[in-house]
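Observations on the three-dimensional arrangement
Listed here are the chains, written in short residue letters.
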Amino acid sequence: MKRLLTALALVSMMNMAAMAGLAGFAWSRDWLRRERLSRALAVLRGEEAGPAPATMPAAETSAPGFDAAEQRRREQEAAEIARTELERRQREIRNGWELLERQQLAFVRAKEEWEEHRKRIEEEQRRREEEADDSGFRKELDILSGLKAKEAKELLRLKKDADVVRILLEMEPRKARKIVGECKKSEERLWIGRILEKLHDRNAVQAEVLAAGN
């Protein structure tokens with residue numbers, strides 16, 4: 001959007017500068033008088049230029065060396081210059097819009113490429129995090145599996161329920177049943193009961209196997 005506004009402002013400034021220059025040139029050549037503008041407009045329309053207006057100063061019509069053909073030639077020249085300048089400005093405006101469209105297309109493509117690059121980076125980072133998490137989980141599982149059931153139970157009670165459920169699902173069933181069997185106090189049985197209920201939602205068969213040890 002900022003580039004669009006900048007391009008529009010640049011085109012407008014170029015148009016104003018060109019029109020101002022053209023107006024100054026026409027004024028210096030005495031082309032802006034009403035009767036000359038009328039004749040130039042008639043030439044542009046393809047109409048036959050009529051006689052000079054009745055209001056033309058007598059000094060101009062009666063001045064020595066006044067030549068109607070020369071006057072008409074100048075008017076045609078002025079009209080041709082105006083037409084040429086208008087066509088040039090139209091080409092510049094058209095080229096400006098084409099350049100702006102190309103810039104917008106390049107911006108959209110660059111944005112799409114950046115989004116794809118960002119997604120690839122995020123996906124790669126997520127994959128690495130999952131691999132690291134899985135590696136850490138496997139090490140923790142190995143450590144807990146190597147402990148006595150009572151010690152493993154105490155450590156598991158310090159974890160979140162979701163983590164305990166995941167560990168018991170991956171742990172060797174015989175070891176997991178021993179841990180469940182170590183839950184003898186009332187608060188421990190409430191805890192393991194809650195864990196088994198959540199585990200049942202994940203894997204009913206596994207939950208029944210572990211519950212058999214309790």
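Please read all numbers here as calculations on a predicted model, not as lab measurements. Note on numbering: residues in each chain are counted from 1, in written sequence order. Only residues with pLDDT of at least 70 get local features here, since the model is predicted, and only at 80 or more are side-chain atom pairs given and counted; chain-wide, interface and lining totals rely on the full set of residues. The basis for the side-chain values is all heavy atoms of the structure; hydrogens and waters are excluded.

Along the backbone of the protein chain there are 9 helices and 0 strands. Element order for the protein chain, N to C, with α for helix and β for strand: α-α-α-α-α-α-α-α-α. Classification of residues uses two cut-offs on accessible area relative to the type maximum, computed with a 1.4 Å probe and protein chains only: under 20% is buried, over 50% is exposed, and between them is partly exposed. The buried share of the protein chain, taken over its 214 residues, is 23%. The criterion used for residue contact is that any of the two residues' heavy atoms lie within 4.5 Å. Pairs at least 24 apart in sequence give 71% of the contacts found in the protein chain among residues at least 6 apart. Accessible area for the protein chain stands at about 15,400 Å²; split by element, carbon and sulfur atoms hold 56% of it. In this description a helix means any DSSP run of H or I spanning at least four residues, a strand means any run of E spanning at least two, and both kinds are numbered starting from the N terminus. Under the convention used here, a 1.4 Å probe and the Shrake-Rupley method define accessible areas, while residue burial counts only the protein chains that appear.

For this document, the term salt bridge refers to a Lys or Arg side-chain nitrogen within 4 Å of an Asp or Glu carboxyl oxygen. Tallied over the entire structure, the rule returns 19 salt bridges. Salt-bridge contacts for Glu-188 lead to Lys-153; the nearest nitrogen and oxygen are separated by 2.9 Å. Note that Glu-188 is positioned in helix α8 (residues 186–202) and Lys-153 in helix α5 (residues 149–156), a separation of 35 residues in sequence. Glu-188 gets classed as buried once you look at its relative accessible area, which sits at 4%.

For helix α7 (residues 173–181), the complete set of buried residues consists of Lys-175, Ala-176, Ile-179 and Val-180. One side of α7 holds all its buried residues, which, seen down the axis, span an arc of 140°. N or O atoms closer than or at 3.5 Å make up a polar contact, with two conditions inside protein: a donor-capable atom paired with an acceptor-capable one, and, for residues adjacent in sequence, both atoms drawn from side chains. Its side-chain oxygen at 3.1 Å from the backbone nitrogen of Arg-174, Glu-172 defines the N-terminal cap of α7. Working definition: the arc comes from the directions between the helix axis and the C-beta atoms, pointing outward to the latter.

The next subject is the packing of α5 against α7. Put simply, α5 and α7 touch, their axes get as near as 8 Å, and they point 75° apart. Taken as axis vectors, α5 and α7 run roughly perpendicular relative to one another. Residue-level inspection shows Ala-149, Ala-152, Lys-153 and Leu-156 of α5 in contact with α7, the latter providing Lys-175, Lys-178 and Ile-179. Of the residues that constitute the contact of α5 with α7, the class distribution is 4 nonpolar, no polar and 3 charged. In this analysis, axes come from line fits to C-alpha atoms, helices being fitted only over the stretch in contact, and the angle between any two N-to-C directions falls in the range 0 to 180 degrees. The labels follow the angle: roughly parallel below 35 degrees, roughly antiparallel above 145, roughly perpendicular from 65 to 115, and oblique for the rest. Under the scheme applied here, ten amino acids are nonpolar (Ala, Val, Leu, Ile, Met, Phe, Trp, Tyr, Cys and Pro), four are charged (Asp, Glu, Lys and Arg), and all others, including Gly, are polar.

Only buried Ala, Val, Leu, Ile, Met, Phe, Trp, Tyr and Cys residues count toward a nonpolar core, and they belong to the same one when joined by side-chain atoms within 4.5 Å. Counting 21 residues, the largest nonpolar core has Leu-156, Ile-167, Leu-168, Met-171, Trp-191, Ile-192 and Ile-195 as its most contacted members. At the level of secondary structure, the elements contributing two or more residues to this core comprise α4 (68–146), α5, α6 (161–170), α7 and α8.

Our next topic: the environment of Arg-126. Within the secondary structure, Arg-126 sits in helix α4. You can call Arg-126 partly exposed: its relative accessible area is 39%. Within the structure, the side chain of Arg-126 is placed 2.3 Å from the side chain of Glu-123, a separation counted as a polar contact.

Let us now look at the packing of aromatic side chains. Only the six-membered ring of Trp is used, alongside the rings of Phe and Tyr, when aromatic pairs are assigned; centres must lie within 6.5 Å, and planes under 30 degrees apart are stacked while those over 60 apart are edge-to-face, with the rest tilted. Taken as a whole, this structure holds 0 aromatic pairs when the rule is applied. Here, over-ring charges are defined by two tests on the NZ atom of lysine or the CZ atom of arginine: distance to the ring centre within 6 Å, and angle to the ring normal within 35 degrees. Over the face of the ring belonging to Phe-137 we find Arg-166, whose NZ or CZ atom lies 3.8 Å from the ring centre.

A few words now on the confidence of the model for the protein chain. Caution applies to low-pLDDT regions: their predicted coordinates should not be interpreted in detail. Residues with a pLDDT of 70 or more make up 63% of the protein chain, whose mean pLDDT is 75. Confidence scores labelled pLDDT are given residue by residue by the predictor and lie between 0 and 100. The element-level mean pLDDT for the protein chain is lowest in helix α3 (residues 58–61), coming to 48, with α5 highest at 91.

Turning next to α5. The set of residues buried in α5 consists of Ala-149, Ala-152, Lys-153 and Leu-156. In a view along the axis of α5, the buried residues occupy a sector of 105°, so they form one face of it.

Turning our attention to the environment of Ile-167. Position of Ile-167 among the secondary structure elements: in helix α6. With relative accessibility at 1%, the residue Ile-167 sits in the buried group. On a C-alpha basis, the gap between Ile-167 and Leu-141 in space is 6.5 Å, while along the polypeptide they are 26 residues apart. Sequence-distant contacts of Ile-167, that is, excluding residues within four places in its chain, are made with Phe-137, Glu-140, Leu-141, Leu-144, Leu-156 and Lys-159.

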